[in-house]
Amino acid sequence: MPIRKPDVLEIHCDWRAGFQYRPGFRGSLGYLLDWSGCGGLNLKRDLTLSSPTVGKIGPTVQCIGLIERLYMDGGSAGPMDFRVYVGRGTAANVLNHFAQPLENLRVKLAWAVIDFDESGDTWFEAAHLKSPDTAEALIDTVQGAPRLFLDNQPTTLSEQLDVRFFCFEFQVVPAPKKSTTLEFATNAQERRITKWGTPA
């Protein structure tokens with residue numbers, strides 16, 4: 001997880017390995033754990049996956065989807081970009097809900113990323129919400145349009161497994177007068193805590 005400057009967080013995860021986790025894998029795995037709001041879109045944790053045991057994660061985890069990319073630029077009030085792979089049911093729910101104009105862009109979400117420290121030969125929490133358990137945010141907009149995209153063509157998990165998932169991308173900003181304490185790390189020893197949002 002490279003940290004290019006203090007206000008930038010960029011994580012890339014192996015989402016395919018998350019769907020097919022086997023002991024011996026070494027890399028980053030990211031989970032979208034909660035996503036609800038926008039006028040009643042409450043995505044279910046319909047995926048039950050094997051995982052390393054790290055913090056509150058593992059040996060199995062129930063999640064909405066697997067994160068491929070998490071990016072934050074701009075410090076405590078900056079946007080956060082997510083690229084997540086979800087199943088067919090979740091994709092259909094997102095598509096149906098966002099087919100109509102939205103008046104409410106408020107959303108609550110939670111995520112967790114784990115990674116492997118080669119030097120310490122151990123798994124560690126690379127990114128998670130420290131307090132509260134969910135972040136209150138708004139779907140960001142550009143010229144009034146929500147910054148949210150769902151690929152209408154699925155991606156196959158591998159050449160050997162014809163299991164298909166959909167890429168779900170969205171960008172969020174902190175909800176007004178709300179803040180979340182985030183913790184992330186580049187290895188098992190070094191951690192950084194930052195506030196995302198503005199206090200009431």
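On a predicted model such as this, the values are computed, not experimentally measured, just so you know.

A closer look at the overall build of the protein
Helix and strand counts for the protein stand at two helices and 17 strands. Its C-alpha atoms give the protein a radius of gyration of 16 Å, within 12% of the compact-globule value 16 Å for 200 residues. When its C-alpha atoms are laid out on the principal axes, the protein stretches across 50 × 40 × 25 Å. Within the span of the protein, comprising 200 residues, buried residues form 48% of the whole. The long-range fraction of contacts in the protein, counting pairs at least 24 apart against all pairs at least 6 apart in sequence, stands at 64%. Looking at the protein as shown, the accessible area adds up to about 10100 Å², and 46% of this sits on carbon and sulfur atoms. Here the protein holds 21 positive side-chain charges and 23 negative ones, and the gap between their average locations is 5 Å.

Describing the pairing of strand 4 (residues 47–50)
Burial along strand 4 is one-sided: L47 and L49 are buried, and none of T48 and S50, which face the opposite way, are. Taken together, the four bridges between strand 4 and strand 5 (residues 60–63) define a ladder with antiparallel strand orientation. Bridge assignment links L49 to a residue of strand 5, and that residue is V61.

Overview of the pattern of salt bridges
Tallied over the full model, the rule gives eight salt bridges. For R83, the salt bridge is made with E68, and the minimal N-O distance between the two is 3.3 Å. One end of the pair, R83, is in strand 7 (residues 80–86); the other, E68, is in strand 6 (residues 65–73), and 15 residues separate them in sequence. Because the salt bridges share partners, they merge into one network encompassing E68, R83 and E169.

Details of helix 2 (residues 88–97)
Note that an α-helix has 3.6 residues per turn; residues three or four places apart therefore point the same way. Taken together, the buried positions of helix 2 are T90, A91, V94 and H97. Mapping the buried residues of helix 2 onto a view down its axis gives an arc of 140 degrees, with all of them on the same face. Among the exposed residues of helix 2, those oriented more than 90 degrees off its buried face are R88, L95 and N96. Buried residues along helix 2 sit in contact with strand 2 (29–37), strand 3 (41–42), strand 7, strand 13 (148–150) and strand 15 (164–174).

The rules behind each value
- All residue numbers refer to position in the chain's written sequence, counted from 1.
- In keeping with the model being predicted, local features are shown solely for residues with a pLDDT of at least 70 and side-chain atom pairs are shown and tallied solely at 80 or more, while totals for entire chains, interfaces and linings include all residues.
- The side-chain values count all of the structure's non-hydrogen atoms but skip hydrogen atoms and water molecules.
- Secondary structure elements follow DSSP: runs of H or I no shorter than four residues count as helices, runs of E no shorter than two count as strands, and numbering proceeds from the N terminus.
- Radius of gyration: C-alpha atoms only; globule rule: 2.2 Å multiplied by the number of residues to the exponent 0.38.
- Only protein chains enter the accessibility calculation, which uses a 1.4 Å probe; a residue whose area is less than 20% of its type maximum is buried, one above 50% is exposed, and one in between is partly exposed.
- Note on contacts: a residue pair is in contact if any heavy atoms of the two residues lie within 4.5 Å.
- The accessible surface values rely on the Shrake-Rupley method and a 1.4 Å probe; as for residues, cover is taken only from the protein chains in view.
- We treat Lys and Arg as the positive residues and Asp and Glu as the negative residues; His and chain ends play no part in the count.
- The atom standing in for a charge is NZ when the residue is Lys, CZ when it is Arg, CG when it is Asp and CD when it is Glu.
- Two strands make a pair as long as DSSP finds a minimum of two bridges between them.
- By definition, a salt bridge exists where a carboxyl oxygen of Asp or Glu is found within 4 Å of a side-chain nitrogen of Lys or Arg.
- Along the arc lie the directions from the helix axis toward the C-beta atoms.

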